[in-house]
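# A closer look at the structure
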Amino acid sequence: MLRQQISGIFNISMPLIIVYLLFPDFLLHTTGQIICSFAVGVYLFLLSYKQIKQMTKILQFSPTGEHKQHFQDLIKSCNLEQKSVELRYAYTNESIAMTAGSTVIIDPILWHGVADDVQAMHVGAIFKEHIEPRLTDAQKERLASIYKLLTPAVQNFLFRHELGHVVHHFSLKKLLIIFAIGFVITYIGIQAALYALPVHGLIAIIFGMMVAGSLDLFLTHVSNLVFKLQAEKGADRFAVRYSLHEEVVAAANFFVQHQLFLHHQKNIDATISKVPSIFQGYQHGVNRSAYLLKILSEKK
């Protein structure tokens, strides 16, 4: 991830360096700095939007027959129009289910009850041939643990949670956050580079990139804490509102058990992030369980 971030900062910096070399007065003026920062923000917004569109377009396997009907019934139970939500099957790297725009992606590798869907079988075949051989033993253990802990009740809750993201336009809000962060880090990065410019041009470039990169990392974690964490809580509230009592209780138990397993693996598996979950935009499993039960008690 760090390598990807460095590459991203470098790619953003190159056009700004060219602009400065061709039109130095433009970038030295506040108006020019704001225009360039706005352009970078728009670029990152459109790039992320295109990635979402491409991902949902590439995903070609969808639930069929009784499985499609089951998901459509869940959509209807949340007072949503069935046509307002697209359904896809895909491996989600332990996420179980996820949202991209108005598309809810279900992982048939983990999801119980869809193994006999031909479309899910296609995903399973791709997973077996191309993905599973590259997984570590620890990753395989986590997948097995999730599959063991999942129940139809938990799945219903998780699906409604993803519907909550669709209803709350999570993807669009995330794109706006990306735009805002892009604008801020570019503007501050330009200011930092100009501050160091009297020392040496190369030093100014490096210093500006370092400041922009550090700020990007900081603001990303802040946005996860301020925006994503609250969005996850909002999606949980939506799911609780439309779920049965036993489904919420089952989900609360699932998050506790899953967290215990992750805690067991954290010290032996380097692929598990050491960054606290709240800075990744998620509640700790035990806290999430307590949160669900609290909402459930208020629902009565």
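These notes cover the structure that comes with them. (Residues numbered from 1 in each chain as written. Predicted model: local features only at pLDDT ≥ 70, side-chain atom pairs only at ≥ 80, totals over all residues. Heavy atoms only, no water.)

All told, the structure shown has seven salt bridges when counted by the stated rule. Where glutamate 298 meets lysine 294, a salt bridge forms, and the shortest distance between an N and an O atom there is 2.7 Å. Of this pair, glutamate 298 and lysine 294 both sit in helix α11 (residues 285–299), four residues apart, which is roughly one turn of the helix. Judged by relative accessible area, which is 52%, glutamate 298 ranks as exposed. (Salt bridge = Lys/Arg side-chain N within 4 Å of Asp/Glu carboxyl O. Helix = DSSP H or I, 4+ residues; strand = E, 2+ residues; numbered from the N terminus. Buried < 20%, exposed > 50% of the residue type's maximum accessible area, 1.4 Å probe, protein only.)

Right, let's get into α11. With 15 residues, α11 should reach 21 Å at 1.5 Å per residue; the first-to-last C-alpha distance of 21 Å fits that figure. Those residues of α11 that fall on the buried side of the exposure criterion are Gly285, Arg288, Ser289, Tyr291, Leu292, Ile295 and Leu296. Down the axis, α11 shows its buried residues gathered within 160° of arc, on one side only. (Expected span 1.5 Å × (residues − 1). Arc of directions from axis to C-beta.)

Here the focus is the environment of serine 289. Tracing the backbone shows serine 289 in helix α11. According to the relative accessible area criterion, serine 289 is buried, its value standing at 7%. A sequence separation of 107 residues divides serine 289 from glycine 182, and the C-alpha atoms of the two residues are 34 Å apart. Ignoring any residue separated from it by four or fewer positions in sequence, one finds serine 289 in contact with Ala252, Asn253 and Val256. Within the local environment of serine 289, its side chain forms a polar contact with the backbone oxygen of alanine 252, the two atoms lying 3.0 Å apart. (Contact = heavy atoms within 4.5 Å. Polar contact = N/O pair within 3.5 Å; in protein donor to acceptor, adjacent residues only side chain to side chain.)

Inspection of the secondary structure assignment puts histidine 112 in the loop between β3 (103–106) and α5 (118–131). Classification of histidine 112 by relative accessible area gives partly exposed; the value is 24%. Sequence-wise, histidine 112 and lysine 148 are 36 residues apart; in three dimensions their C-alpha atoms are separated by 9.6 Å. Residues in contact with histidine 112, not counting those within four places in the same chain, are Tyr147, Leu150 and Gln155. Engagement of the side chain of histidine 112 in a polar contact is seen with the backbone oxygen of tyrosine 147, the distance being 2.6 Å.

Another aspect to go through is the nonpolar core. Soluble globular proteins tend to pack their nonpolar side chains together in the buried interior. One finds Phe71, Phe157, Phe159 and Leu163 to be the most contacted residues of the largest nonpolar core, which totals 43 residues. Listed in part, the seven residues of the second largest apolar core include Ile12, Leu16, Val40 and Leu44. (Core = buried A, V, L, I, M, F, W, Y, C linked by side-chain atoms within 4.5 Å.)

Bringing unusual backbone geometry into the picture now. In the Ramachandran plot, asparagine 79 falls in the positive-phi region, its phi being about 60° despite a non-glycine side chain. With respect to the element layout, asparagine 79 can be found in the loop between α4 (65–77) and β1 (86–89). A positive phi angle, close to 55°, is found at asparagine 93, a residue other than glycine. Looking at the secondary structure, you find asparagine 93 in the loop between β1 and β2 (97–100). By relative accessible area, which is 45% here, asparagine 93 ends up partly exposed.

With that settled, the discussion passes to a nonpolar patch on the surface. Residues Ile18, Leu21, Leu22, Phe23, Phe26 and Ile35 make up a contiguous nonpolar surface patch of roughly 630 Å² in combined accessible area. Ranked by residue count, the leading element in the nonpolar patch is helix α1 (residues 2–22), at three residues. Topologically, isoleucine 18 is positioned in helix α1. (Patch = residues over 30% accessible without salt bridge, like charges linked within 9 Å, V, L, I, M, F, W, Y side chains within 5 Å. Areas by Shrake-Rupley, 256 points an atom, 1.4 Å probe, with all protein chains shown as cover.)

Before going further, it helps to spend a moment on the pairing of β3. By the alternation rule, side chains of β3 split into Thr103 and Ile105 and Val104 and Ile106, which are all buried. As defined by bridge partners, β1 adjoins β3 across four bridges and the pair is classed as parallel. Bridge pairing in β3 places leucine 87 opposite valine 104. For β2 and β3, the ladder comprises four bridges, and the chain directions are antiparallel. (Pairing = 2+ DSSP bridges.)

With that settled, the discussion passes to the packing of helix α3 (residues 30–58) against helix α8 (residues 170–196). One can describe the packing of α3 onto α8 by two numbers: an axis separation of 8 Å at closest approach and a directional angle of 145°. Taken as a pair, α3 and α8 cross one another with a handedness that is right-handed. Here the residues of the contact of α3 with α8 are counted per class, giving 18 nonpolar, nine polar and no charged. (Axes fitted to C-alpha atoms, helices over the stretch in contact; angles between N-to-C directions. Left-handed = near helix turned anticlockwise from the far one by under 90°. Nonpolar A, V, L, I, M, F, W, Y, C, P; charged D, E, K, R; others polar.)

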